[in-house]
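Residue strings, one per chain:
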Amino acid sequence: MDEFVKLYTHPELGQILVKLDSCHETKRRQPKEEDDDEPLTATISHVEIRVFFKPKGLGVCSSAILFPDSVEGWEMAEKVFAMFDEAKAVEWVQNIVNDSPFSDLFEEARHG
């Protein structure tokens with residue numbers, strides 16, 4: 001699949017960017033004891049579809065669907081990404097803006 005981003009513009013929500021990508025995060029842990037020889041960092045990899053949007057009055061926000069970093073994970077992510085049309089992107093963002101624990105913040109920023 002050559003396509004890895006989709007950009008939509010909604011009259012109320014503004015730009016919505018959907019991106020298929022891999023992500024690598026380094027996690028750090030505290031030593032358990034002085035003689036702890038286990039590595040203190042670990043790299044965690046996954047495939048993700050990340051949706052970016054910028055509600056009025058706030059900065060850029062994002063939300064992601066994660067898949068395992070494997071052949072099967074990539075295949076599933078590509079299948080889901082192919083189905084992620086404008087209607088699904090708008091629905092995704094509207095659910096976050098209207099039905100999340102932060103809905104009051106989005107509403108305040110919109111009208112504040």
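Note: the structure precedes this text.
Residues numbered from 1 in each chain as written. Predicted model: local features only at pLDDT ≥ 70, side-chain atom pairs only at ≥ 80, totals over all residues. Heavy atoms only, no water.

### Focus on the pairing of strand S2 (residues 14–28)
Rules: A pair of strands is labelled paired if DSSP reports no fewer than 2 bridges between them. For the purposes of this entry, the term helix denotes a DSSP run of H or I that reaches at least four residues, the term strand denotes a run of E that reaches at least two, and both are numbered from the N terminus.
With six bridges connecting them, strand S1 (residues 5–10) and S2 associate as antiparallel partners. By the bridge assignment for S2, His10 is matched with Gly14. Connecting the antiparallel pair S1 and S2 is a turn made up of three residues. Of the pairings in the sheet, the one linking S2 to strand S3 (residues 41–53) comprises 13 bridges and is antiparallel in character. Of the residues in S3, the one forming a bridge with Val18 is Val51.

### Re helix H3 (residues 103–111)
Applicable threshold: Only protein chains enter the accessibility calculation, which uses a 1.4 Å probe. A residue is then buried if its area is under 20% of the maximum for its type, exposed if over 50%, and partly exposed in between. When we speak of the arc, we mean the arc of directions from the helix axis to the C-beta atoms. In what follows, residue pairs with any heavy atoms lying within 4.5 Å of each other are defined as contacts.
Within the span of H3, buried status applies to Ser103, Phe106 and Ala109. What you see down the axis of H3 is that its buried residues fit within an arc of 130°, all on one side. Structural note: H3 exposes Asp104, Glu108 and His111 on the side pointing more than 90 degrees away from its buried face. Looking at the packing, one finds that the buried side of H3 touches S3, strand S4 (61–68) and helix H2 (86–99).

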